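# Descriptive analysis of the structure
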Amino acid sequence: DGLPRSSGLTSFDSKSNGSDSKKLRVEDRMEAPPSRVLHIRKLPNETSESEVIALGLPFGKVTNILTLKGKNQAFLELGTEEAAITMINYYSTVTPHVRNVPVFIQYSNHKELKTDTVQGGGTPASGSIVDLTAASSPVLRIIIDNMFYPVTLDVLQQIFSKFGTVMKIITFTKNNQFQALLQFNDPPTAQQAKIALDGQNIYNSCCTLRIDYSKLVNLNVKYNNDKSRDYTRPELPAGDGQPAMDPNMAAAFQGKDSNSLLGKIPGGLSPLNAAAAAAAAAGRVALSGHSGASGVLLASNLNEEVRVYGDAQRVKILYNKKDSALIQMADANQAQLAMSHLNGQKMHGKPIRVALSKHTSVQLPRDGLDDQGLTKDFTNSPLHRFKKPGSKNFQNIFPPTTTLHLSNIPTDVSEEDLRLLFSNAGGTVNAFKFFQDHKMALLQMSTVEEAIQGLIDLHNYNMGDNHHLRVSFSKSTI
């Protein structure tokens, strides 16, 4: 079996184990011909099947897997030899990792996985082959645990379409839990999505996916709205009192284009998108980093911009439409959060309209070109809340509410001072509560619109002695 030609792989191995490096050089000279079965070695202890499958999913269907627990190895069988070649070619330039540990991937001498694939000399295999094409239903039942902020139907479509064509989705609430039924085009695709996504978090540390097979084999969707959708029938009515499906969105979701918005990985996708999808499948799911979705928002009916859902990198006010702007967030996850939480919220009596833009970045004006100050670069702004990966701020993201969370309050600032400060920003303070140490507090405005305005005006407000007030939305009530 031969290793992909990656200096990064070989140098890492030679540093970590001298005897292994000699073995690798011998194997390099005996490179196996392309095969849809790949041999994966040096896996970390306790690596799960889903983590191994995630390495291959961005490149095509994974049909079988065999893990050798005691040997830290696995065999992965892809649906086609072309998919395996694409995977090997990609990982020859980008070192594959599982649990932050570099692993080695090469073609296997086996052309397919059978029960006797790794048995020899009378010794049984230390694992069993899992057939990933044996699922009976294309419909999955999805429950969201730790749902600290809403998961929309469109978010589910984004995540699950990484694995194949999503045909239909129905969302509902049962036992006070958000649930969904999601139908793929075939059972094997549903099985692969379940194996890869069950137990994963949609956002950092929350919104955990719990996935089982449904007894249903076909979903009957009557309406296309924010509760249910049939992507094969965009002409369905919205139903009474429900937001209709946007016509542009309906056109985008017709037929085979249903996956194109997220960059599903065919054989010849560019390495950047392949890497993003590989990372997505491996644990960050579909919404972090550059997942194929845009990190740029188009916001209209604006008077100000709100950065509570991510770090706005650049903002460009449109020349011919001054109440609209392109806002480039740090990544597609933050853009999705801002859109889902802010679209339709009122500011200055007008509903904000927020949608993903077709642009992938906001360009700064060329040197010497005066754009009348319409484009601003906030890359190094001190207001960014999410610069550190895994920051606890990711766990405190909530939709706009009447209740604001205040922090970094100086010890000499009283309740009366804060009430007066927010009243002057416009609106009525209905309730106030200090935390025990008086460094944090909850403050409730009379309307969500007033709370939004208070956050815009007073987040990072200098309270004296370089104490800058921190303001965010809270899920608590007073």
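In the block above lies the structure referred to throughout.
Report on the accompanying structure.

Conventions used here
- Residues numbered from 1 in each chain as written.
- Predicted model: local features only at pLDDT ≥ 70, side-chain atom pairs only at ≥ 80, totals over all residues.
- Heavy atoms only, no water.
- Helix = DSSP H or I, 4+ residues; strand = E, 2+ residues; numbered from the N terminus.
- Buried < 20%, exposed > 50% of the residue type's maximum accessible area, 1.4 Å probe, protein only.
- Contact = heavy atoms within 4.5 Å.
- Areas by Shrake-Rupley, 256 points an atom, 1.4 Å probe, with all protein chains shown as cover.
- Pairing = 2+ DSSP bridges.
- Axes fitted to C-alpha atoms, helices over the stretch in contact; angles between N-to-C directions.
- Arc of directions from axis to C-beta.

What the chain contains, in helices and strands, is eleven helices and 24 strands. The proportion of buried residues among the 478 residues of the chain is 48%. Counting only contacts in the chain whose residues sit at least 6 apart along the sequence, the fraction spanning at least 24 positions is 69%. A total of about 23,100 Å² of accessible surface is found on the chain, and carbon and sulfur atoms cover 49% of it.

One open sheet accounts for four strands, arranged β22-β23-β21-β24; its pairing is antiparallel. The strands lining the two open edges of the sheet, one partner per strand, are β22 (429–434) and β24 (470–473). Pairwise comparison of adjacent strand axes, ignoring direction, gives a mean angle of 20° for this sheet. Relative to strand β23 (residues 441–445), β22 is paired through five bridges, and the arrangement is antiparallel. Looking across to β23, one finds that F434 is bridged to A441. Relative to β22, helix α10 (residues 415–424) is tilted by about 145°, and along the sheet it contacts β21 (403–407), β22, β23 and β24.

This part takes up α10. Turning to α10, its buried residues number three or more, namely L418, L421 and F422. When α10 is viewed along its axis, its buried side chains cluster within an angular range of 90° and face the same direction. Away from its buried face, by an angle of more than 90 degrees, α10 presents the exposed residues E416, L420 and N424. Along its buried surface, α10 packs onto β21, β22, β23, α11 (448–458) and β24. G426, located one to two residues past α10, shows a positive phi value of around 110°.

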